[in-house]
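Examining the three-dimensional arrangement
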Amino acid sequence: MPKVSVIMPSFNVGDYIQECMDSVLKQTLQDLEIICVDSGSTDGTLELLQKYEKQDSRIRLLVSDRKSYGYQMNLGLEAARGQYIGIVETDDFIAPEMYEELYKTAVLHGADFVKADFDVFSTLEDGERVYLRYKASKYTCVRYHKIFSSEDYQSGPGTMDVFIWSGIYKKEFLDRHKIRFQETPGAAFQDCGFRFQVAMHVRRGIFLDESFYRYRRDNIGSSTYNKKCVLFNLSECKYLINVFRRQGLENRDSWGYLAREIAVIAHRPYVELLQWNQPDEETGAALEEFRIILKEFIACGFLSRSQVSPDMWKEIRIFLERPDVYEYSASLEAEIRAAYIKDFLKEISAWKQVVLFGSGQVGRCAYTLIRINHFNNIVAFGDNEKSKWGSFYGGCPIKDPEKLIKEYPDAYYLVANAGHFEEIRSQLKGYGIPETRIGRYSQTTFPLDCTNVFMRKKDALPNQDD
């Protein structure tokens, strides 16, 4: 029995598949079974996988007769013989030690699953890559190195985690609870049902404060930009309700948790969709179906004012009772968010040279947001921490601020340090930089937002050459 079976679904990922496969083959844990499930790629992906299969006996190639991520994953799960299951999306890649570290922890604690942090990455126009760390402890209710169960999910103030590929799952645990994917067409958001089933049954789950997985964000064909996201979310939520009923989950806490999560899924992603893209024409009907589901939850007592925050309850009430107000509010919020980023990028585009002051997480977020939207006028980072001088981020040097002023006297200095803005502004003014050339980065620092390409309208961005 292999220690880990790695399931790798693919469809037309020819630009990424080699790096992905090589990263799995180079794992320090050699006792792997690698199950590649291709759904009829026509861009060379399938042929490359066939070559890999001939070269390494650990690889098993399955060809799916359906273009469905869920169906591909279920084929892989049924074929898997490993003690634990890993999942690698084939436009991503992983660190060499990923499965060795996860498996070691899983065996030590008899875990149903072990997950870890990950790095979001994008490849810029000049070939440079930028990485931003996603820390579960910062963005969710996760506590590292603590064993938790489904009760922790249900009693926590928010979702504990939403990503399925950053860890491994015990095969026996998945089989015992019949945890599988919904087999709808396409490949968008079909991990939603899987992760909720895991959350409802886990008895021993562990998170590590290390990063092993590298999650790609520069693929415009990804589900992030899909106009049908509300429809896909609705399908997953309906699937989950059926799973709960089929498995006889009568626990009111479990249903309450599901109801709260569906309340979030029902309307909040719609604002992001409006911000980044234009919704599919069927989105309105999908939102109406969500309203019916949530009203039934309220009628059954699974969703009530006492179970959520006052702000959340207000959002739910507006969503359910005043669709016209909700539509106006969501559209306005998306427009304001989009305009905020557009104005920021327009401001940056007005300068031939931009220096980012601060090379920590905030500075890296600023750099990524600017560069991923095709602006190339950032010349350097300034940082008061001497140990960083001489190093690079994304191909951009980190330098002594005093020397930077002499090197770039006419640059625009964007302060990317939330806690020390006033001190840094005074420092820059002391160097002779006028206040008109000192700005403050106040955009998002959430890794997944910083790596979004601004694409709401064709003419959304200014031209740097103007």
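None of the values given here were measured: they were computed from a predicted structure.

Points about the overall build of the protein
Looking only at helices and strands, the protein has 17 helices and 15 strands in total. In terms of overall size, the protein behaves like a compact globule, its C-alpha atoms giving a radius of gyration of 24 Å where 466 residues would be expected to give roughly 23 Å. Oriented by its inertia axes, the alpha-carbon framework of the protein measures out at about 70 × 60 × 45 Å. A buried classification covers 55% of the 466 residues belonging to the protein. In the protein, 78% of the contacts between residues at least 6 apart in sequence involve partners at least 24 apart. For the protein, the computed accessible surface area is about 20,700 Å², with 50% contributed by carbon and sulfur atoms.

With respect to a negative patch on the surface
A cluster of acidic side chains, namely Glu97, Glu100, Asp209 and Glu210, defines a negative patch on the protein surface. Assignment of secondary structure puts glutamate 210 in strand S9 (residues 205-216). Classification of glutamate 210 as partly exposed rests on a relative accessible area of 34%.

Things to note about the packing of aromatic side chains
Using the criterion set out here, one finds 36 aromatic pairs in the structure. Note on tyrosine 153 and tyrosine 257: the rings are 6.3 Å apart at their centroids and 65° apart in plane angle, and the pair reads as edge-to-face. Of this pair, tyrosine 153 sits in helix H6 (residues 150-155) while tyrosine 257 sits in helix H10 (residues 252-276), placing them 104 residues apart in sequence. An identical accessibility class is assigned to tyrosine 153 and tyrosine 257; each is buried. Cluster of aromatic residues (ring-pair linked, three or more members): Tyr69, Phe113, Phe148, Tyr153, Tyr169, Phe181, Phe194, Phe196, Phe207 and Tyr257. Taking the ring centre of tyrosine 71 as reference, the NZ or CZ of arginine 66 above it sits at 4.3 Å.

Quick word on the pairing of strand S11 (residues 378-382)
In terms of residue burial, S11 counts as a mostly covered element, since four of its five residues are buried. Pairing geometry for strand S10 (residues 354-357) and S11, over four bridges, is parallel. Across the sheet, the residue bridging to valine 354 is isoleucine 378, located in S11. In this fold, S10 hands off to helix H14 (residues 361-372), which returns the chain to S11; that crossover is right-handed. With two bridges connecting them, S11 and strand S13 (residues 396-399) associate as parallel partners. What sits directly across from glycine 382, in S13, is lysine 399.

A look at the nonpolar core
Core analysis: the largest hydrophobic core is formed by 111 residues, its most contacted members being Tyr99 and Phe297. No other element matches the 12 residues that H10 contributes to this core. Apart from residues no more than four positions distant in its own chain, tyrosine 99 is found in contact with Val4, Val6, Gln27, Leu29, Leu32, Gly86, Ile87, Val88, Ile94 and Ile168. With 26 residues, the next largest nonpolar core counts Tyr367, Cys396, Ala416 and Cys450 among its residues.

Notes on the environment of glycine 390
Assignment of secondary structure puts glycine 390 in the loop between S11 and strand S12 (392-393). In sequence terms glycine 390 and aspartate 400 are 10 residues apart; their C-alpha atoms lie 8.6 Å from each other.

Points about the sheet that holds S12
Either a parallel or an antiparallel arrangement is found when strands of a sheet pair, and the pairing is made through backbone hydrogen bonds. The mixed open sheet is built from six strands, whose spatial order is S12-S13-S11-S10-S14-S15. A single partner strand is all that each edge strand has here, and the edge strands are S12 and strand S15 (438-440). Its contacts with the sheet place helix H16 (residues 421-430) against S10, strand S14 (412-415) and S15, and it is angled at close to 170° to S15.

A few points about a nonpolar patch on the surface
The grouping of Tyr328, Leu332 and Ile336 at the surface amounts to a nonpolar patch, some 320 Å² of accessible area in total. Residue placement: tyrosine 328 occurs in helix H13 (residues 323-349).

Observations concerning helix H9 (residues 229-246)
In this model H9 runs 26 Å from its N-terminal to its C-terminal C-alpha over 18 residues, within 8% of the 26 Å that 1.5 Å per residue would give. Considered for burial, the residues of H9 that qualify are Cys229, Val230, Leu231, Asn233, Leu234, Glu236, Cys237, Tyr239, Leu240, Ile241, Val243 and Phe244. Those residues of H9 hidden inside the fold are in contact with helix H8 (192-201), H10 and helix H11 (283-300). Trailing H9 by a residue or two, glycine 248 shows a phi angle of about 65°, which is positive.

Considering the confidence of the model for the protein
When pLDDT is averaged along the protein, the result is 90, and 94% of the positions lie at 70 or above. Across residues 455-460, where pLDDT falls below 50, the model places 13 contacts with residues more than four positions away in sequence or in other chains.

Conventions and cut-offs
- Residues numbered from 1 in each chain as written.
- Predicted model: local features only at pLDDT ≥ 70, side-chain atom pairs only at ≥ 80, totals over all residues.
- Heavy atoms only, no water.
- Helix = DSSP H or I, 4+ residues; strand = E, 2+ residues; numbered from the N terminus.
- Rg over C-alpha atoms; globule rule 2.2 N^0.38 Å.
- Buried < 20%, exposed > 50% of the residue type's maximum accessible area, 1.4 Å probe, protein only.
- Contact = heavy atoms within 4.5 Å.
- Areas by Shrake-Rupley, 256 points an atom, 1.4 Å probe, with all protein chains shown as cover.
- Patch = residues over 30% accessible without salt bridge, like charges linked within 9 Å, V, L, I, M, F, W, Y side chains within 5 Å.
- Salt bridge = Lys/Arg side-chain N within 4 Å of Asp/Glu carboxyl O.
- Lys, Arg positive; Asp, Glu negative; His and termini not counted.
- Charge placed at Lys NZ, Arg CZ, Asp CG, Glu CD.
- Phe/Tyr/Trp six-rings, centres within 6.5 Å; stacked < 30°, edge-to-face > 60°.
- Lys NZ or Arg CZ within 6 Å of the ring centre and 35° of its normal.
- Pairing = 2+ DSSP bridges.
- Right-handed = clockwise from strand over helix to strand, strands pointing away.
- Core = buried A, V, L, I, M, F, W, Y, C linked by side-chain atoms within 4.5 Å.
- Axes fitted to C-alpha atoms, helices over the stretch in contact; angles between N-to-C directions.
- Expected span 1.5 Å × (residues − 1).
- pLDDT = per-residue confidence, 0-100.

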